[in-house]
Amino acid sequence: TQLLEQSPQFLSIQEGENLTVYCNSSSVFSSLQWYRQEPGEGPVLLVTVVTGGEVKKLKRLTFQFGDARKDSSLHITAAQPGDTGLYLCAGEEQTGANNLFFGTGTRLTVIP
Amino acid sequence: GAGVSQSPRYKVAKRGQDVALRCDPISGHVSLFWYQQALGQGPEFLTYFQNEAQLDKSGLPSDRFFAERPEGSVSTLKIQRTQQEDSAVYLCASSLRQGETDTQYFGPGTRLTVL
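Here is a short report on the structure shown in this document.

What counts and what doesn't
Every chain is numbered independently, its residues counted from 1 as its sequence is written. Note on labels: chains are lettered from A, ligands numbered from 1, in written order. Restriction of local features to residues with pLDDT of at least 70 applies here, the model being predicted, together with a cutoff of 80 or more for giving and counting side-chain atom pairs; totals for whole chains, interfaces and linings are based on all residues. Here the side-chain values reflect all heavy atoms present in the structure, with hydrogen atoms and water set aside. Under the scheme used here, helices are H or I runs from DSSP no shorter than 4 residues and strands are E runs no shorter than 2 residues, and both carry numbers assigned from the N terminus. Residue exposure (1.4 Å probe, protein chains only): buried if accessible area is under 20% of the type maximum, exposed if over 50%, otherwise partly exposed. It only takes one pair of heavy atoms within 4.5 Å for two residues to be counted as in contact. Note that accessible areas follow from Shrake-Rupley with a 1.4 Å probe, and for residues the cover is restricted to the protein chains shown. In this charge count, Lys and Arg are treated as positive and Asp and Glu as negative; neither His nor the chain ends contribute. For this purpose, a charge sits on NZ of Lys, CZ of Arg, CG of Asp or CD of Glu. When the centres of two rings from Phe, Tyr and Trp lie within 6.5 Å, Trp using its six-membered ring, the rings pair. Their planes under 30 degrees apart give stacked, over 60 give edge-to-face, and anything left gives tilted. In this description, strands pair whenever DSSP reports at least two bridges between them. Fitted lines through C-alpha atoms give the axes, limited to the stretch in contact for helices. The angle between two N-to-C directions lies from 0 to 180 degrees.

Take the overall build of chain A next. Counting its regular elements, chain A contains zero helices and eleven strands. For chain A, the succession of helices and strands along the chain, N to C, is β-β-β-β-β-β-β-β-β-β-β. Taken along the three principal axes of its C-alpha coordinates, chain A extends 40 × 30 × 20 Å. Relative to its 112 residues, chain A shows a buried fraction of 46%. Taking the intrachain contacts of chain A between residues at least 6 apart in sequence as the baseline, contacts between residues at least 24 apart amount to 55%. Total accessible area computed for chain A in this model is approximately 5100 Å², and 49% of it derives from carbon and sulfur atoms. Taken as two groups, the 8 positive and 11 negative side-chain charges of chain A have centres that lie 4 Å from each other.

Structure representation (structure tokens):
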């Protein structure tokens, strides 16, 4: 059962465009993580957000955790072909919980 | 340093066969996780070890799935009498410690195809 819904499921954009990916849930999470996964590889952690309303920036990527800690967004500015991949959000229901609940994923393709 | 490794990378099994998937975590990592990722989906939690102790196996889909980590390092996920619905990528992840938000490092996965 997927507790986290991501939208859009697929996104194809031109190089240089901006985009936002959403991750929504009815559950409250103590922390939320964003991963990027490339074909044939495991997910790689991009960022962890912990505090409601928190905003973190990683170069052209901006991550935000909702005030109620139920949702998050990932905004990419001036997308590049190297940003292509599967973006996954994952929530931890309580601090120190043993497992992550992953979202359904957003497959991003950036066309040169 | 070496990351998490998994073997084999690809496995094809006939329905009804038993399979064993291996995970070598990062040296010194206390926690080890197994996830199942169906095609086009996000990973789903299967089981969790802290050292050699299996503390959570709530995600194992049936009693055909069994995992062990006898010496607190290498782990094996075994699937008995494989079914077509077991076809997926099986991901292993390890983290340094337990009890707080900690980074999980994922292996490349084993792609299992059951014919």
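All names here are of chain A. If you trace the backbone, Leu4 turns up in the segment before strand E1 (5–7). Remark: the alpha-carbon pair of Leu4 and Val50, spanning 46 residues in sequence, is separated by 16 Å. Not counting residues up to four positions away in its chain, the partners in contact with Leu4 are Cys23, Asn24, Ser25, Phe29, Leu32, Cys89, Ala90, Gly91, Phe101, Phe102, Gly103 and Thr104.

Right, let's talk about the packing of aromatic side chains for a bit. Scanning all chains against the criterion turns up ten aromatic pairs over all chains. Judged by centre distance (5.6 Å) and plane angle (90 degrees), the ring pair of A:Phe102 and B:Tyr35 falls under edge-to-face. Taken together, the residues A:Phe102 in strand E10 (residues 101–102) and B:Tyr35 in strand E4 (residues 31–37) connect one chain to another. In this pair, the class of A:Phe102 matches that of B:Tyr35, namely buried.

This brings us to the sheet that holds strand E1 (residues 5–7) of chain B. Residues and elements named next belong to chain B. Strands sit in the order E1-E3-E8-E7 across an open sheet of four strands; the sheet is antiparallel. Looking along the sheet, the strands with just one partner apiece sit at the ends: E1 and strand E7 (65–68). Pairs of neighbouring strands in the sheet enclose a mean axial angle of 15 degrees, with direction left out of account. Here five bridges tie strand E3 (residues 19–24) to strand E8 (residues 75–79), and the two strands are oriented antiparallel to one another. By the bridge assignment for E8, Val19 is matched with Ile79.

Residues and elements named next belong to chain A. The buried fraction of strand E4 (residues 31–37) amounts to six of the seven residues, a majority that puts the element mostly inside the structure. Bridging between E4 and strand E9 (residues 85–92) involves seven bridges; their strand directions are antiparallel. Following the sheet pairing, Gln33 is matched in E9 by Ala90. With five bridges connecting them, E4 and strand E5 (residues 44–49) associate as antiparallel partners. Across the sheet, the residue bridging to Gln33 is Thr48, located in E5.

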